[in-house]
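Breakdown of the fold
Okay, here's what each chain looks like letter by letter:
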Amino acid sequence: MDSLATLDYPAVGHGLRYEFGIFDQVIRDGWQLERTDRWLRAGNPWEVRRYDIDHRVGFGGHVEHLRGNDGHLSVRWIPARVVRGVPWDVPVAGHGTRTTNFLRLWSAVADEELDLDAFQVGEYWRAVDEKIRSENLTKILYPNDSSPAGKQLRLEQQYFFVACALADCIRLLLMRGAITEFADQFAIQLNDTHPALAVVELMRLLVDVHHLGWHQAWELVTRSLAYTNHTLLPEALETWPLPLFAAVLPRHLEIIYEINRRFLDEVRAKFPGDEERIARMSLIGEDGEKYVRMAHLATVASHHVNGVAVLHSRLLRETVLRDFAEMWPEKFTNVTNGVTPRRFMRLANPNLSTLITDAIGEGWLRDLEQLRGLEKFADDAAFVDQWRAVKAQNKADLATWLQVSGGHVVDPTSLYDAQCKRIHEYKRQHLNLLHCVALFERLRNGLDDGVARTFIFAGKAAPSYVAAKLIIRLAHGLAHAIAEHPVACDRLQIVFVPDFTVKVAQRIYPAADLSEQISTAGMEASGTGNMKFALNGALTIGTLDGANVEIRDAVGEENFFLFGLTAEEVTARKAEGYDPRIEIVRDPELRNVLALLETGEISGGDPHLFTPLVRQLQERDPFLVLADFRAYVECQHRVDVDWRDQRAWVRSSILNVARCGQFSSDRAVREYAKTIWKV
Ligand SMILES: *Cc1c(COP(=O)(O)O)cnc(C)c1O
């Protein structure tokens, strides 16, 4: 949004105005607890309710097919329930321009405030019942990888979201043009599949409400929509069971069947006799219960489909959407993600920003490629000293904040090694923790020759994700055991910063020396934390995954700590029947590390606390943590060696920043505008 405004694109971002956003994380006895995020409790000055706009959104009910006197079929959806969507606008001011766009957040309100008939006969509860049910729609955001709780509510939220957004586009269009101009006036970018119902809702509006023919309507839909995929993880590819879908959106299901019928005819024409392909590509999945496949729906209706890093876009074409890429190769493209330098450099890191501006002027804030001008200072001794002083100051500032906010006393001269992101097995915080255990064990045995490190972890686990919550518990158990050990505590420290949010992130990125980007290759779509750390002068230790690949290409392999299996090797290892036990047999240190997890020494005396985690690693290890363990430990050793040469380290830090200009969201937004929206 910041880049769209800064580059003067007339754009609106649509979303839901949840009364309670993603939960606040608190830690009790090393466990994550979730607390309601009451972000509106003191009011919010950065929003304006637009009383002049209001759209009605239907749910449930039934469909009537009528033949008029002229013989024409018309369709009427009679919803069982209607909710009103009202917008709240949050202005987003561009940097160095007069353009201010807005983020338009939709809030659900009851169609009629209270049922007066019921109220007058004294049924107070029934009178407000419908109001409560309606307003629950935007009450709370469910973490997207959470339990099935509220599956129907989540489908209703998605429909409410796109129904409001599209009704608003058409309201704007009809103020000065005709419905047939829709695709000339609007480009719609589907941010993942959560708004994929827009395909169906726009068809419904054009055909049922504005009475266009199917063919013309489909042309308008497919000329205006494009889809960005954000993950290849199977559990994140959305599907909706047919019975649920039919109950909530009966007319939309009919339209999906019609889109599917025409689409599968097209597939049959192109691949005659290939019924397996038809079944794989259908918008309706039929293994077990029937369900709607939202990624297929989005792909069929979009003129462009993109992944968010070069590797991810390739894997998208080769795996999840392979059949679609074979059918329409020209639809598929890549737009590597980016981050805004205004927030993640200028606002988060004023010390570094001032130093950069003093060296190369302030043009970099609007044209991040200008950071390239820093390359010539990488060997300038005075500049290197200043760069180092800035990092030292940022580290001292973080140390102060950690002490004030959490009572942590950290050594600001130690290497700050940070892994801050959602807690998930594919991101492999547990690989990092196994390395910490190995270092702890070496220190206890008087073997260590490593440098002093402070490991900084932060991130939330989805409330129902038991394994991720146990990883958080492990970080705390290990932090405690190390702090209690008389020798280890001087060399090694683990800090888990609770409640990772953008504001917390802005404190950590500028202070990090080492950025942990260690996901199982092939699983991280892009990552953006990797870019934020690098642009603040951290060096990356990482796998060839997501945008790490492009970051390493940009900064140079000598300025990046690479380890681990490639995406191809991961696939091959799994295909040949990966057995983690073999890794354990081969590696005595790994064996020791896993054994230590079940001694009770880092779990407050309970030897079984981490058993589920250890068993998962020993028996299945679906994210190949053990397969990458040795390479990771050896790579961390190279980090230690390089850290001891501070001049060379700072040189690499400067070159990382100088060469990461391409990871600006300005570049990403320009690519969307040029190659996808054609504006
Ligand atoms: C950038 C950012 C992320 C994304 O981090 P990844 O390392 O790319 O997973 C998550 N949360 C916050 C608060 C961020 O600022």
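Reading the values: rules and limits
- Residues numbered from 1 in each chain as written.
- Predicted model: local features only at pLDDT ≥ 70, side-chain atom pairs only at ≥ 80, totals over all residues.
- Heavy atoms only, no water.
- 1 Å grid on protein atoms, 1.4 Å probe; cavity = no way out; pocket = protein on both sides within 12 Å on 5 of 7 lines; lining within 4 Å.
- Points joined across faces, edges and corners; volume = space filled by probe spheres on them.
- Helix = DSSP H or I, 4+ residues; strand = E, 2+ residues; numbered from the N terminus.
- Nonpolar A, V, L, I, M, F, W, Y, C, P; charged D, E, K, R; others polar.
- Buried < 20%, exposed > 50% of the residue type's maximum accessible area, 1.4 Å probe, protein only.
- Pairing = 2+ DSSP bridges.
- Near = heavy atom within 4 Å.
- Polar contact = N/O pair within 3.5 Å; in protein donor to acceptor, adjacent residues only side chain to side chain.
- Areas by Shrake-Rupley, 256 points an atom, 1.4 Å probe, with all protein chains shown as cover.
- Salt bridge = Lys/Arg side-chain N within 4 Å of Asp/Glu carboxyl O.
- Contact = heavy atoms within 4.5 Å.
- Right-handed = clockwise from strand over helix to strand, strands pointing away.
- Axes fitted to C-alpha atoms, helices over the stretch in contact; angles between N-to-C directions.
- Phe/Tyr/Trp six-rings, centres within 6.5 Å; stacked < 30°, edge-to-face > 60°.
- Domains from an automatic or database assignment.
- Buried area = accessible area lost by both parts, 1.4 Å probe.
- Expected span 1.5 Å × (residues − 1).
- Bend = angle between axes of the 7 residues up to and from the residue.

Moving on, we come to the layout of surface pockets. Rolled over the atoms, a probe as big as a water molecule pinpoints where empty space is left. Approximately 540 Å³ is the volume found for the second largest pocket. Those elements that provide at least two residues to the lining of the second largest pocket are helix H16 (381–406), helix H18 (466–484) and strand E19 (492–497). Here the residues of the lining of the second largest pocket sort into 15 nonpolar, 7 polar and 1 charged.

To continue, consider the pairing of strand E5 (residues 55–59). Across the 5 residues that make up E5, a large majority, 4, are buried. Pairing between E5 and strand E8 (residues 81–93): 5 bridges, direction antiparallel. The residue of E8 that forms the bridge with Arg56 is Arg84.

Contacts to the ligand come from Cys420, Lys421, Lys427, Phe500, Thr501, Val502, Ala505, Tyr509, Gly527, Thr528, Gly529 and Lys532. At 2.7 Å, a side-chain N or O of Lys427 approaches an oxygen atom of the ligand. Measuring from an oxygen atom of the ligand, one finds a backbone N or O atom of Thr528 at 2.8 Å. In isolation the ligand offers 390 Å² of accessible surface; the protein chains occlude 81% of this area.

Turning our attention to the pattern of salt bridges. When the charged atoms of two side chains lie near each other, side chains of opposite charge can form a pair. Inspection of the entire model under this criterion finds 54 salt bridges. Arg251 is the partner of Asp208 in a salt bridge, and the nearest nitrogen-oxygen pair spans 2.7 Å. Of this pair, Asp208 sits in helix H6 (residues 198–209) while Arg251 sits in helix H9 (residues 250–270); the two residues are 43 residues apart in sequence, bridging distant segments of the chain. Classification of Arg251 as buried rests on a relative accessible area of 8%. The salt bridge involving Glu375 is made with Arg659; its shortest N-O contact spans 3.1 Å. Within this pair, whereas Glu375 is found in the loop between helix H15 (350–360) and H16, its partner Arg659 is found in the loop between helix H27 (646–658) and helix H28 (665–677), the two being separated by 284 residues in sequence. Taking the relative accessible area as the measure of exposure, Glu375 reaches 28% and is therefore partly exposed. Several salt bridges converge on common partners, so that one network encompasses Arg50, Asp52, Asp89, Arg104, Asp168 and Arg171.

This brings us to the side chain of Asn530. Relative to the helices and strands, Asn530 is located in helix H20 (residues 529–535). For Asn530, the side chain forms a polar contact with the main-chain oxygen of Ser526, separated by 3.0 Å. A distance of 3.2 Å separates the side chain of Asn530 from the backbone nitrogen of Thr528, its partner in a polar contact. The residues contacting Asn530, other than those within four sequence positions of it, are Ser515, Gln517, Ala547, Asn548 and Ile551.

Of the two faces of strand E20 (residues 514–517), the one lined by Leu514 and Glu516 and the one lined by Ser515 and Gln517 are each fully buried. Two elements, strand E17 (residues 415–420) and E20, share 2 bridges in a ladder whose sense is parallel. Residue pairing across strands places Ala418 opposite Ser515, the latter belonging to E20. Bridge analysis of E20 against strand E21 (residues 539–542) gives 4 bridges, and the strand direction is parallel. Following the sheet pairing, Gln517 is matched in E21 by Gly542. Handedness of the crossover joining E20 and E21 through H20: right-handed.

A word on the sheet that holds strand E11 (residues 225–228). In spatial order, the strands read E10-E11-E15-E16; together these 4 strands make up an open sheet with parallel pairing. Of all the strands in the sheet, just strand E10 (188–191) and strand E16 (332–334) have a single pairing partner and so form its edges. Within the sheet, the average angular offset between the axes of one strand and its neighbour, ignoring direction, is 25 degrees. In this sheet, E11 lies alongside E10 in parallel orientation, the contact comprising 4 bridges. The partner of Asn191 across the bridge, within E11, is Thr228. Docked against the sheet, helix H7 (residues 214–224) engages E10 and E11, running at close to 40 degrees with respect to E11. The strands touched by helix H12 (residues 310–318) within the sheet are strand E15 (305–307) and E16, with E15 carrying the most contacts at an inclination of about 130 degrees.

Applying the stated criterion to the full structure yields 14 aromatic pairs. On the numbers, 6.0 Å between centres and 75 degrees between planes, the contact of Phe344 with Tyr509 is edge-to-face. One end of the pair, Phe344, is in helix H14 (residues 341–347); the other, Tyr509, is in the loop between helix H19 (502–508) and E20, and 165 residues separate them in sequence. Across the pair, Tyr509 and Phe344 agree in class, each one buried.

Further remarks concern the domain arrangement of the protein. In terms of domains, the protein is made up of domain 1 (2–337 + 671–677) and domain 2 (341–663). Opposite the 34 residues of domain 1 that make contact, domain 2 presents 38 residues. Together domain 1 and domain 2 conceal approximately 2,700 Å² of surface at their shared face, both sides included; 57% is due to carbon and sulfur atoms. Put simply, domain 1 and domain 2 have 3 salt bridges between them. Where Arg342 meets Asp2, a salt bridge forms, and the shortest distance between an N and an O atom there is 2.9 Å. In this assembly, domain 1 and domain 2 are joined by 13 residue pairs in polar contact (both at pLDDT 80 or more).

An ideal rise of 1.5 Å per residue puts 27 Å on 19 residues; helix H26 (residues 625–643) measures up with 25 Å between its terminal C-alpha atoms. Ala631 marks where H26 bends most, by close to 30 degrees. Inspection of H26 places Val625, Leu626, Ala627, Asp628, Phe629, Tyr632, Val633, Cys635, Gln636, Val639, Asp640 and Trp643 among the buried residues, and these make up the whole buried set.

Right, let's talk about empty space enclosed by the protein for a bit. On inspection of all chains with the given rule, the structure shows 3 cavities of 30 Å³ or more. The calculated volume of the largest cavity comes to roughly 50 Å³.

What follows covers the side chain of Arg453. By the secondary structure assignment, Arg453 is in strand E18 (residues 453–458). Relative accessible area serves as the criterion here: at 2%, Arg453 is assigned to the buried category. With near-sequence residues (within four places) excluded, Arg453 lies in contact with Ser414, Leu415, Asp417, His435, Arg491, Leu492, Gln493, Leu514, Gln636, Val639 and Asp640.

Let us look at the sheet that holds strand E22 (residues 561–562). The 6 strands are arranged E19-E18-E17-E20-E21-E22 in an open sheet whose pairing can be described as parallel. Edge strands, defined here as strands with exactly one partner in the open sheet, are E19 and E22. As judged from the 2 bridges shared by E21 and E22, these two strands associate in the parallel manner. Among the inter-strand pairings, Gly542 is bridged to a residue of E22, identified as Leu562. Across the sheet, helix H17 (residues 429–444) lies against E17, E18, E19 and E20, angled at about 150 degrees from E18, the strand it touches most.

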